[in-house]
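Chains, contacts and geometry: an overview
One letter stands for each residue in the lines below.
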Amino acid sequence: MQQFFDFPMKPAFNFDSFVACDGNAAALQFARRIADPSDAENLLYLHGPAGSGKTHLLQSIASSLCPAAAETACYLSCRESLSARELVARFCDASALVVDDLHLLPDEAALRAALWQLFNDFYSSGRKVALAGLLPPRELPHLDDHLVSRLLWGLVARVDATDDHSRRMILKKIADDRQVRVPDDVVDYILMTASREVGALIAAFEALFRLSMAEQRRITLPLARQSREQSRGVAP
């Protein structure tokens, strides 16, 4: 009989909760090196499709290097709207420079210059720098050319967990974290119906898990179909 527990719906972004697979093994190894204060390597750039785990690894690095109270000061996504002055102020007391979604950096000269200066300050002082974006360094659209060249000096890894084997491992890991059993036919159904992005895969499982908890029912294929129908706004 399936037991029900009250677990948080969003697992913590740390290395223990990251699911290693063939498509992200090098990225995970490099991220652990950057997160290790005793390792002399201090520059990492990750790239790969959306939902592949780049943000998970960057936030794992930030949580490892920065005190809990200052963790958010170490991490920035370029999805946020900041001026050049605000960008510099954000990292003025940070112990690491961790910047996500570099492909979304606005086409503004002042921002490019501010990020280049921050990079130089951190890199030259030996502090850790970890950056990520959808594209390889040379394909990033609005980055200073000098910064593109410098990124290639450090560790660079592609992160891609969109193959079915990796996605299956991720589902199994999430189910283990929730301490619930998910039958193979349910895993196959989620893999078949969910987007290939890892974020969408996790969202599909979490919707199913919430429905299972709310109705106090075991996770089965009929329940998985009901969950999908509800998420699409279709009456069961």
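Within the secondary structure layout, S212 lies in helix α9 (residues 198–215). A polar atom in the side chain of S212 sits 2.5 Å from the backbone oxygen of R217.

Moving on, we get to a nonpolar patch on the surface. The grouping of L152, W153 and V156 at the surface amounts to a nonpolar patch, some 290 Å² of accessible area in total. Mapped onto the elements of the fold, V156 is located in strand β5 (residues 155–158). On the basis of relative accessibility, which here comes to 31%, the residue V156 falls in the partly exposed class.

This next bit is on the environment of G133. By the secondary structure assignment, G133 is in strand β4 (residues 128–133). Beyond its immediate chain neighbours, meaning those up to four positions away, G133 contacts Y45, L46, H47, G48, K54, D101, L102 and H103.

By the definition in use, this model includes 1 disulfide. No disulfide involves C78; its sulfur sits 16 Å from that of C74, the nearest cysteine. Residue C78 is classed as buried on the basis of its relative accessible area of 11%.

In terms of nonpolar packing, the biggest core is built from 50 residues, with L46, I61, F91, L102, L143 and L151 touching the most fellow members. Examining the composition of this core, we find that 7 residues originate from one element, helix α5 (residues 109–124), more than from any other. With sequence-adjacent residues up to four places away left out, I61 is seen in contact with F15, A31, I34, A35, L44, V98 and A130.

Mean pLDDT over the chain stands at 87; residues scoring 70 or higher make up 91%. When pLDDT is averaged over each element of the chain, strand β1 (residues 43–47) comes out on top at 97 and helix α3 (residues 71–74) at the bottom at 69. Low pLDDT, under 50, characterises residues 1–11; the stretch is placed with 29 contacts to residues that sit more than four places away or in other chains.

This structure, assessed with the given rule, holds 11 salt bridges. One salt bridge connects D107 with R112, and the closest N-O pair in it is separated by 2.7 Å. The class of D107 is exposed, set by a relative accessible area of 54%. Residues D160 and R158 are paired through a salt bridge, measuring 3.2 Å at the closest nitrogen-oxygen approach.

The next thing to look at is the packing of helix α1 (residues 25–35) against helix α2 (residues 54–65). Between α1 and α2, the least distance of the axes is 9 Å, while the angle of their chain directions is 20°. As judged from the angle between their axes, α1 and α2 are roughly parallel. When you trace α1 past α2, the crossing you get is right-handed. Facing α1, whose interface residues are A27, L28, A31, I34 and A35, α2 presents L57, I61, S64 and L65. For the contact of α1 with α2, the per-class residue count stands at 8 nonpolar, 1 polar and no charged.

Within the open sheet, the 5 strands sit side by side as β2-β3-β4-β1-β5. Their pairing is parallel. Of all the strands in the sheet, just β2 (75–77) and β5 have a single pairing partner and so form its edges. The average angle at which neighbouring strand axes cross in this sheet is 15°, direction not considered. Set on the sheet, α5 makes contact with β1, β3 (96–100) and β4; between it and β3 the angle comes to about 140°.

Under the defined criterion, the tally for this structure stands at 4 aromatic pairs. Pairing F91 with F122 gives two aromatic rings, centres 6.4 Å apart and planes at 85°, and the pair type is edge-to-face. Taken as a pair, F91 in the loop between α4 (84–90) and β3 and F122 in helix α5 lie far apart in primary sequence, 31 residues in all. Considering the side-chain rings of F205 and F209, the 6.2 Å spacing of their centres and the 15° angle between planes classify their relative orientation as stacked. Highlighted residues: F205 and F209, both in helix α9, separated by 4 residues, approximately one helical turn. Just as F205 is buried, F209 falls in that class too. Counting every residue linked through ring pairs, the aromatic cluster contains W116, F119 and Y123. Directly above the aromatic system of F122 lies the positively charged group of R127, at a separation of 3.9 Å from the ring centroid.

Conventions and cut-offs
- Residues numbered from 1 in each chain as written.
- Predicted model: local features only at pLDDT ≥ 70, side-chain atom pairs only at ≥ 80, totals over all residues.
- Heavy atoms only, no water.
- Helix = DSSP H or I, 4+ residues; strand = E, 2+ residues; numbered from the N terminus.
- Polar contact = N/O pair within 3.5 Å; in protein donor to acceptor, adjacent residues only side chain to side chain.
- Patch = residues over 30% accessible without salt bridge, like charges linked within 9 Å, V, L, I, M, F, W, Y side chains within 5 Å.
- Areas by Shrake-Rupley, 256 points an atom, 1.4 Å probe, with all protein chains shown as cover.
- Salt bridge = Lys/Arg side-chain N within 4 Å of Asp/Glu carboxyl O.
- Buried < 20%, exposed > 50% of the residue type's maximum accessible area, 1.4 Å probe, protein only.
- Contact = heavy atoms within 4.5 Å.
- Disulfide = S-S within 2.5 Å.
- Core = buried A, V, L, I, M, F, W, Y, C linked by side-chain atoms within 4.5 Å.
- pLDDT = per-residue confidence, 0-100.
- Axes fitted to C-alpha atoms, helices over the stretch in contact; angles between N-to-C directions.
- Parallel < 35°, antiparallel > 145°, perpendicular 65-115°, else oblique.
- Left-handed = near helix turned anticlockwise from the far one by under 90°.
- Nonpolar A, V, L, I, M, F, W, Y, C, P; charged D, E, K, R; others polar.
- Pairing = 2+ DSSP bridges.
- Phe/Tyr/Trp six-rings, centres within 6.5 Å; stacked < 30°, edge-to-face > 60°.
- Lys NZ or Arg CZ within 6 Å of the ring centre and 35° of its normal.

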